[in-house]
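A look at the structure
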Amino acid sequence: MLRGEQEEHIMSEHIISEEELQRFGEDCLVAVGASRDHAAAHIAVLVEADRRGHYSHGFNRLRGHYVADIRSKICDPNAVPSILKETVSTALVDGNNSLGAVVGNFAMNLAITKAKETGVAWVTVRGSNHFGIAGHYSAQALQHNMLGMAFTNGSPYVAPTRSATSLFSTLPISLSAPGLDGDHMLLDMATSAAAVGKMELARTHGTDIPLGWALDKNGQPTSDPEKALPSGGGCGMPLGGAEETSGYKGYGLALMVEIFCGIMSGSAWGPNVRKWKIQNQVADLGQCFVAINPSAFSDCFPERLQALLDTCRGLTPLDPELPVLVPGDRGRGREEAVRERGGVKYKEEQVKNMMELAEELSVKPPTVQNV
């Protein structure tokens with residue numbers, strides 16, 4: 001195949017409905033030993049991630065991460081989380097090595113339940129696994145007119161400022177806050193310059209990554225995703241990139257998340273978490289979930305937040321074609337586009353990966369519409 005034909009082949013797009021994605025994902029996890037209920041809970045996070053355009057945390061993770069973890073028996077997909085210690089407004093949960101979404105849903109629901117009684121609730125977790133997008137959990141608080149926060153640690157990849165040693169994961173922060181009539185803010189961000197999955201997708205699509213995302217094995221900035229990935233000896237940079245562009249602030253935020261997740265919960269932390277895609281060691285991830293009932297502080301929080309959101313969106317943009325947004329707006333726009341076209345768009349290589357997995361597990365492949 002000529003280079004031009006290869007690029008066209010890689011970049012061609014296909015559409016898969018949300019229902020087919022959910023069915024296919026569930027079938028894959030059930031095929032390797034998960035119960036249908038636990039598989040459904042976990043795959044719902046992947047579908048949401050891809051629907052919102054966070055492809056790095058969606059079905060890109062199914063084969064090489066979740067299926068691989070269950071098959072190698074370093075994740076117990078049917079385990080049930082348990083409460084080790086609690087007060088009226090706090091809890092320490094053991095995920096018992098279950099699927100990350102099962103643990104995350106349990107812990108966030110516990111935080112919401114406690115916050116209804118006490119105004120604020122804080123739940124830390126140990127013994128968990130990768131839970132997908134953090135925003136899936138913080139957003140659950142919106143259904144109860146609350147603010148929600150979610151954090152997680154993970155495999156070491158990001159180097160602290162002035163270092164080229166992978167010490168932290170991308171350590172995400174998520175915050176949801178309710179406005180009026182279903183409007184809200186939904187922040188979901190890594191404390192690194194970029195997620196590992198974005199570099200994996202760049203490698204898959206044959207594109208460069210921006211300088212400032214990662215260092216190569218020699219500690220030099222690189223735009224080559226292969227050299228940036230752990231498999232190539234690379235390491236990520238904190239949010240802000242190099243020290244002169246305020247990367248030390250991202251480093252500080254990363255420390256904050258690791259304290260909330262790894263140190264406070266008693267889970268593995270920093271370089272003690274298993275390395276990326278290692279299949280002979282339990283992850284023992286630490287996570288943190290917070291729910292805040294704004295009525296404990298203000299009788300008009302949604303109205304006041306709506307005024308803030310409207311003010312931000314109402315600012316005159318530098319480019320008339322690029323309006324000022326608030327966190328979560330782009331994701332909702334992508335979700336609306338998914339609804340209008342009847343499914344999520346995927347590149348050829350992503351669909352190929354799904355088809356190979358279907359054959360590998362002897363499950364029905366997803367029905368695909370060509371664009």
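You'll find the structure just up there.
What counts, and where the lines are drawn
Residues numbered from 1 in each chain as written. Predicted model: local features only at pLDDT ≥ 70, side-chain atom pairs only at ≥ 80, totals over all residues. Heavy atoms only, no water. Helix = DSSP H or I, 4+ residues; strand = E, 2+ residues; numbered from the N terminus. Rg over C-alpha atoms; globule rule 2.2 N^0.38 Å. Contact = heavy atoms within 4.5 Å. Core = buried A, V, L, I, M, F, W, Y, C linked by side-chain atoms within 4.5 Å. Buried < 20%, exposed > 50% of the residue type's maximum accessible area, 1.4 Å probe, protein only. Polar contact = N/O pair within 3.5 Å; in protein donor to acceptor, adjacent residues only side chain to side chain. Salt bridge = Lys/Arg side-chain N within 4 Å of Asp/Glu carboxyl O. Pairing = 2+ DSSP bridges. Axes fitted to C-alpha atoms, helices over the stretch in contact; angles between N-to-C directions. Parallel < 35°, antiparallel > 145°, perpendicular 65-115°, else oblique. Nonpolar A, V, L, I, M, F, W, Y, C, P; charged D, E, K, R; others polar.

Okay, the overall build of the protein next. Across its full length, the protein holds 12 helices and 12 strands. Against the 2.2 N^0.38 benchmark of 21 Å for 371 residues, the protein shows a C-alpha radius of gyration of 20 Å, consistent with a compact globule. If you line up the protein on its principal axes, its C-alpha atoms span 65 × 50 × 45 Å. For the protein, the share of sequence-separated contacts (at least 6 apart) that also reach a separation of at least 24 residues comes to 67%.

Bringing the nonpolar core into the picture now. One finds Phe24, Leu29, Phe59 and Leu62 to be the most contacted residues of the largest nonpolar core, which totals 28 residues. Those elements that place two or more of their residues in this core are helix H2 (18–31), helix H3 (36–51), helix H4 (62–71), strand E11 (344–347) and helix H12 (348–361). By residue number, the principal contributor to this core is H12, which donates 5 residues. With residues near it in sequence (within four places) discarded, Phe59 still touches Leu21, Phe24, Gly25, Ile43, Leu46, Val47, Asp50, Tyr346 and Met354. The next biggest cluster of nonpolar side chains, apart from the first, holds 24 residues, and it includes Ala49, Ala91, Ala101 and Ile112.

This part is about the side chain of His14. With respect to the element layout, His14 can be found in strand E1 (residues 13–16). A polar side-chain atom of His14 sits 2.4 Å from a polar atom in the side chain of Glu348. Those residues in contact with His14, other than ones at most four positions away along the chain, are Val344, Lys345, Tyr346, Lys347, Glu348, Val351, Val368, Gln369, Asn370 and Val371.

Considering all chains together, one arrives at 22 salt bridges under this definition. Put simply, Arg23 and Glu20 hold a salt bridge, and the shortest N to O gap is 2.9 Å. In this pair, Arg23 and Glu20 both sit in helix H2, 3 residues apart, roughly one turn of the helix. Of the charged contacts in the structure, one is a salt bridge between Asp183 and Arg313, with a shortest N-O distance of 2.7 Å. With Asp183 in the loop between strand E6 (173–178) and strand E7 (184–189) and Arg313 in helix H10 (residues 301–313), this pair connects stretches of sequence that are 130 residues apart. Residue Asp183 is classed as buried on the basis of its relative accessible area, which comes to 14%. Through salt bridges with shared partners, a single ionic network connects Glu20, Arg23, Glu26, Asp27 and Arg36.

Along the polypeptide, Asn78 turns up in the loop between H4 and strand E2 (82–86). For the pair formed by Asn78 and Thr90, sequence separation is 12 residues and the distance between their alpha carbons is 25 Å. With near-sequence residues (within four places) excluded, Asn78 lies in contact with Gly33, Ala34, Ser35 and His38. In this structure the side chain of Asn78 is engaged in a polar contact, spanning 2.9 Å, whose partner is the backbone oxygen of Gly33. Of the polar contacts made by the side chain of Asn78, one reaches the backbone nitrogen of Ser35; its length is 2.6 Å.

Attention now goes to unusual backbone geometry. Even without a glycine there, the phi angle at Asn145 is positive, about 55 degrees. Mapped onto the elements, Asn145 comes out in the loop between helix H6 (135–138) and strand E5 (147–152). For Asp181, which is not glycine, the phi dihedral falls at a positive 55 degrees. Judged by relative accessible area, Asp181 falls into the exposed class, the value being 84%.

When you tally the buried positions in strand E10 (residues 285–292), you get 7 out of 8 residues, the bulk of the element. Where strand E4 (residues 120–128) and E10 come together, 7 bridges link them in antiparallel fashion. For Ala121, the partnering residue across the bridge sits in E10 and is Ala291. Pairing of E5 with E10 involves 6 bridges; the strand directions are antiparallel. Bridging across to E10, Leu147 finds its partner in Ile292.

Quick look at the packing of H3 against helix H5 (residues 100–118) now. Contact geometry of H3 with H5 gives a least axis separation of 8 Å together with a crossing angle of 90 degrees. Considering the angle they form, H3 stands roughly perpendicular to H5. Where H3 abuts H5, its residues His38, Ala41, His42 and Val45 lie against Gly100, Ala101, Val102 and Asn105. Here the contact of H3 with H5 is built from residues that sort into 4 nonpolar, 4 polar and no charged.

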